[in-house]
Amino acid sequence: MSSLLVQQHSTAAPASRIRLLSARRLIVKIGSALIADAETGEIRGPWLETLIEDVVRFFARGQQVIIVTSGAVAVGSTHFNHLDRCLRVEEKQTAAAIGQVRLIRAYEQSFERHGFGVGQILLTRQDLDNQHRRLNAGSTLQQLLKVGAVPIINENDTTATAEICFGDNDRLAARVAQMVNADVVILLSNVDGLFSEDPHANPAARLVTEVRCITPEIEAMAGHPLARYSSGGMVTKLMAARIAMDAGCEMIIASGNKSYPLAAIENGGPSTWFVPLAQAHAGRR
Ligand code: GLU
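Going along each chain's sequence as written, the residues are numbered from 1 onward. Whole-chain, interface and lining totals are the exception, using all residues; otherwise, since this is a predicted model, local features are given only for residues with pLDDT of at least 70 and side-chain atom pairs are given and counted only at 80 or more. Side-chain measures were taken over the full set of non-hydrogen atoms in the model, leaving aside hydrogen atoms and water.

Colleague: Outline the overall build of the protein, listing residues and values.
Modeller: For the purposes of this entry, the term helix denotes a DSSP run of H or I that reaches at least four residues, the term strand denotes a run of E that reaches at least two, and both are numbered from the N terminus. When its secondary structure is counted, the protein shows 12 helices and nine strands. Each residue gets one of three labels from its accessible area relative to the maximum for its type: buried under 20%, exposed over 50%, partly exposed in between, using a 1.4 Å probe on protein chains only. Here the protein, with 285 residues, has 52% of them falling under the buried criterion. Note on contacts: a residue pair is in contact if any heavy atoms of the two residues lie within 4.5 Å. When contacts within the protein are restricted to residue pairs at least 6 apart in sequence, those whose partners lie at least 24 apart make up 76%.

Written out as structure tokens, the structure reads:
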């Protein structure tokens, strides 16, 4: 049996809606390129508002949503003259310290308009690798959900140096999903999903709509990270998919470029779904 499906995305509409509706707990990861304007580093407030409206709709249906957000470095980097070069590690950490405050304030203000508070959690890989710290983080997340505050997670860039950092929030989102037994991880970035070939180089490249197993063939489809601030790219998204699928969790890659990005997925917009084995689901539950 083939490990992937390559289809016209329009055929996925009803299935994606049913599958998203049946998720009890979802992790939504927002890429830097979506939340921050590439030139000015300003937070894209109107776009963020549409995302929050989507999330609030999930809440209204009784679903739980945990947000993993990038963007601290992108938002804080306006303090450096950096457009023609990459920031050094200590500059990125400083930018993150400044940007994280703005980022969380933007989320807080948006959710407040809908009557929700937020709780900020900053994590490193060490936190999740250490059982005691992982359990503490997991229990705080459960409590936040219980009291109705929206958990907003980012990597703790100030302490995560090149050696110890996740380096990308894609894998962080998948590890969080594993920690809290989430049903679905949604990675929103500026790509529609996984393509059979680089769509910029070959317009005939087709969107892979479903992956059941990450084979060498699938791995060969991943390109290299391109964005200036994020260290992700398709390679780390596939790593995240592996973590999520091993935990019995579905993962979706979709573009958040347009307004109401979660509604777009529900309505059958372009996306790639990574579907774990049925046994993994059963074992976890
Ligand atoms: N933690 C970084 C930030 O907030 C982003 C890491 C990533 O791009 O995934 O800027």
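Moving on from the model shown.
Colleague: Before we move on, could you go through the site of the ligand and cite the residues and values that matter?
Modeller: We call a residue near a given molecule or strand whenever any one of its heavy atoms falls within 4 Å of it. Lining the immediate environment of the ligand, one finds 10 residues, of which Ala72, Val73, Asn154, Asp157 and Asn169 sit closest. With respect to the ligand, the side chain of Asn154 contributes an N or O atom lying 2.8 Å from an oxygen atom. Within the complex, 96% of the 300 Å² of free accessible area of the ligand lies under protein. We call Asp, Glu, Lys and Arg charged. Ala, Val, Leu, Ile, Met, Phe, Trp, Tyr, Cys and Pro are nonpolar, and the rest, Gly among them, are polar. Taken together, the residues that form the shell around the ligand break down as two nonpolar, six polar and two charged. Counting of polar contacts relies on pairs of N or O atoms within 3.5 Å, with two restrictions inside protein: one atom must be capable of donating a hydrogen and the other of accepting it, and residues adjacent in sequence are counted only when both atoms are side-chain atoms. Note that accessible areas follow from Shrake-Rupley with a 1.4 Å probe, and for residues the cover is restricted to the protein chains shown.

Colleague: Any chance you could break down helix α5 (residues 89-112) for me, citing the residues and the numbers?
Modeller: Take the number of residues in a helix, subtract one, and multiply by 1.5 Å to get its expected span. In this model, α5 (24 residues) spans 34 Å end to end at C-alpha, consistent with the 34 Å of a helix rising 1.5 Å per residue. To get the bend at any residue, fit one axis to the seven residues that end at it and another to the seven that begin at it, then take the angle between the two axes. Maximal helix bending in α5 amounts to about 30°, located at Gly99. Along α5, the positions that sit buried rather than exposed are Glu91, Gln93, Ala95, Ala96, Gly99, Gln100, Leu103, Ile104, Ala106, Tyr107, Ser110 and Phe111.

Colleague: Residues and numbers for the pairing of strand β6 (residues 184-189), please.
Modeller: In terms of burial, β6 is a largely internal element, six of the six residues being buried. Because side chains alternate across β6, one face comprises the buried residues Val184, Ile186 and Leu188, and the other comprises Val185, Leu187 and Ser189, equally buried. Sheet topology note: the strand β2 (residues 25-30)/β6 ladder contains five bridges and is parallel. By the bridge assignment, Val28 is partnered in β6 with Ile186. Pairing geometry for β6 and strand β8 (residues 250-255), over six bridges, is parallel. Looking at the pairing, Leu188 lines up with Ala254 of β8. Two strands pair under a simple rule: DSSP has to find at least two bridges between them.

Colleague: An account of helix α10 (residues 234-246) is needed here, citing residue identities and associated values.
Modeller: The end-to-end C-alpha separation of α10 is 18 Å, in line with the 18 Å expected for 13 residues at 1.5 Å each. Taken as a whole, α10 has its buried residues at Met234, Thr236, Lys237, Leu238, Ala240, Ala241, Ile243, Ala244 and Met245. At the exit of α10 stands Gly248, carrying a positive phi of roughly 80°.

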